[in-house]
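# Observations on the model geometry
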Amino acid sequence: MRLLHTSDWHLGRAFHRVNMLGAQAGFIGHLVETVRAHGVDAVVVSGDVYDRAVPPLAAVELFDDALHRLADLGVPTVMISGNHDSARRLGVGAGLIDRAGIHLRTDPGGCGIPVVLEDAHGEVVFYGLPYLEPALVKTEFGVEKAGHEAVLAAAMDRVRADLATRARGTRSVVLAHAFVTGGEQSDSERDITVGGVAAVPSGVFDGVDYVALGHLHGCQTLTERVRYSGSPLPYSFSEHRHRKSMWLVDLDAEGSVTAERVDCPVPRDLARLRGTLEELLADPGLTPYEEAWVEATLTDPVRPADPMARLTDRFPHTLSLLFDPERAPDDPAVSYARRLAGRSDQQIAEDFVTHVRGAGPDAHEQTVLRDAFDAVRADETLREVAR
């Protein structure tokens with residue numbers, strides 16, 4: 001069986017001030033053509049179909065168009081909700097849409113109920129594990145302490161229990177939206193840390209033939225059977241080295257996996273440029289980036305006059321301008337943002353406690369801070385869903 005694995009469409013999202021809806025529509029067309037040209041037997045979409053719980057109408061219309069075009073191909077599609085989606089909204093009408101061969105899996109309680117497809121060698125079962133917010137699903141899965149590993153492990157127990165009831169040799173595919181250990185992050189993914197831990201080990205998914213992951217925006221292979229497709233378009237300059245693609249996966253009669261990447265059309269290259277303003281304007285080596293979307297970091301010790309206007313004369317698609325004067329780390333003029341770069345909310349809060357009272361938080365206080373951040377994030381998720 002030949003699968004096309006994609007995820008993280010983020011329909012409705014912009015790239016800085018650039019509306020990406022046209023590029024997203026171009027990707028949908030490319031997806032449909034790839035299914036047709038490569039003889040794909042099933043499409044799997046591993047979450048974050050939309051960029052937010054209440055997407056703009058234009059994004060909903062594009063998703064509707066995608067559903068119709070996929071259904072017209074007669075090729076089954078399995079989709080799950082991600083942490084950016086409202087699972088309840090995305091799942092509206094799932095029972096009816098199911099009849100058209102579009103299988104939306106957004107209910108955590110249905111993790112152990114597969115979509116069953118067949119090829120010449122027998123059944124292939126697809127289990128959809130939508131994004132599992134630990135604080136919201138721990139009761140469903142009977143885990144005492146909310147954590148990503150605990151709820152995913154419980155969901156996979158249901159998957160393996162169902163698989164054990166099926167004929168020997170039945171092939172299996174799991175769709176999941178999670179941060180798995182070994183994956184490389186970018187700046188455009190929403191933080192899903194719980195209890196100070198975001199990642200889960202890939203061993204949680206042992207026992208199935210292929211795991212189609214979503215959440216991280218870079219296409220990557222964790223093992224031959226566990227892969228991220230990444231987002232089809234860039235959504236932050238941290239993705240400037242990404243090769244945007246989908247996985248074309250062949251699952252043979254015994255469940256062995258072979259996979260190749262299918263490149264996605266990207267409207268413009270990304271470039272991260274750094275130097276003084278005069279260096280960026282004069283360097284002939286930067287000519288290839290003149291038509292790229294540019295993030296420029298100026299290192300001038302004194303902010304130059306009209307930097308954006310001068311930059312856009314040479315790089316007309318400059319979208320982000322940053323200032324990072326080259327100073328010693330202990331220079332009091334080093335920016336607050338620079339000092340906080342790469343630090344988590346938990347670390348920043350602990351530093352604040354240290355600054356105020358002269359001593360850092362003890363183990364109990366660290367737990368209180370961590371629980372507070374977890375509660376705020378879970379409350380934000382509930383508010384999004386309820387809107």
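An unreviewed UniProt entry lists the protein under the name Nuclease SbcCD subunit D, with Streptomyces thinghirensis as the source organism. One UniProt comment on the protein, placed under Sequence similarities (unreviewed entry), says "Belongs to the SbcD family." The UniProt entry for the protein carries the following text under Subunit (unreviewed entry): "Heterodimer of SbcC and SbcD."

### Notes on the sheet that holds strand E13 (residues 245-251)
Spatial strand order, E6-E5-E4-E1-E13-E14: six strands in an open sheet with mixed pairing. Whereas interior strands pair on both sides, the edge strands pair on one side only; in this sheet they are strand E6 (102-105) and strand E14 (257-263). Taking each pair of neighbouring strands and ignoring which way they run, the sheet shows an average axis angle of 20 degrees. Bridge analysis of E13 against E14 gives seven bridges, and the strand direction is antiparallel. Residue Leu248 lies in a different strand from E14, and its bridge partner there is Glu260. Strands in contact with helix H1 (residues 21-37) are strand E1 (2-6), strand E4 (42-46), E13 and E14; relative to E1, the strand with the most contacts, it is inclined by about 165 degrees.

### A short note on empty space enclosed by the protein
According to the stated counting rule, one finds one cavity of 30 Å³ or more in the structure shown. Approximately 40 Å³ is the volume found for the largest cavity. As for the largest cavity, its lining consists of Leu129, Pro130, Tyr131, Leu132, His148, Leu152, Ala176, His177 and Ala178. Going through the elements one at a time, helix H6 (148-164) and strand E9 (171-177) are the ones with two or more residues in the lining of the largest cavity. For the lining of the largest cavity, a count of residues per class yields seven nonpolar, two polar and no charged.

### Section: unusual backbone geometry
The phi dihedral of Asp8 falls on the positive side, at around 55 degrees, and the residue is not glycine. In this fold, Asp8 is placed in the loop between E1 and strand E2 (14-15). Judged by its relative accessible area of 0%, Asp8 is buried. Positive phi values are uncommon outside glycine, yet Asp306 reaches one of about 45 degrees. With a relative accessible area of 56%, Asp306 lands in the exposed category.

### Describing the pairing of strand E5 (residues 77-80)
Burial along E5 is two-sided: the residues Thr77 and Met79 and Val78 and Ile80 are all buried. The pairing of E4 with E5 spans four bridges and is classified as parallel. By the bridge assignment, Ser46 is partnered in E5 with Ile80. Each parallel crossover has a hand, and for E4 linked through helix H2 (residues 57-73) to E5 it is right-handed. With four bridges connecting them, E5 and E6 associate as parallel partners.

Reading the values: the criteria
- As a convention, each chain's residues are numbered from 1 in the sequence order in which they are written.
- For this predicted model, a pLDDT threshold of at least 70 governs which residues receive local features, and a threshold of 80 or more governs which side-chain atom pairs are given and counted, while totals over whole chains, interfaces and linings are taken from all residues.
- The basis for every side-chain value is the complete set of heavy atoms in the structure, and neither hydrogens nor water enter the calculation.
- UniProt positions are given in the numbering used here, feature names are shortened, and annotations may be inferred rather than shown by experiment.
- Paired strands, in this sense, are two strands between which DSSP finds at least two bridges.
- Each helix is a run of H or I in the DSSP string that is no shorter than four residues. Each strand is a run of E no shorter than two, and both are numbered from the N terminus.
- In this analysis, axes come from line fits to C-alpha atoms, helices being fitted only over the stretch in contact, and the angle between any two N-to-C directions falls in the range 0 to 180 degrees.
- Whether two residues are in contact is decided by their heavy atoms: any pair within 4.5 Å suffices.
- Put simply, the grid is 1 Å and covers the protein atoms alone, a cavity is a trapped set of points that fit a 1.4 Å probe, a pocket is an open set with protein on both sides within 12 Å along at least five of seven lines, and lining residues have an atom within 4 Å of a point.
- Grid points are joined across faces, edges and corners, and a volume is the space filled by probe spheres set on the points.
- Gly is placed with the polar residues, together with every amino acid not listed as nonpolar (Ala, Val, Leu, Ile, Met, Phe, Trp, Tyr, Cys and Pro) or charged (Asp, Glu, Lys and Arg).
- Whether a residue is buried, partly exposed or exposed follows from its accessible area with a 1.4 Å probe, protein chains only, as a fraction of its type maximum: under 20%, in between, or over 50%, in that order.
- We call a crossover right-handed when, viewed with the strands running away from us, the connection from the first strand over the helix to the second turns clockwise.

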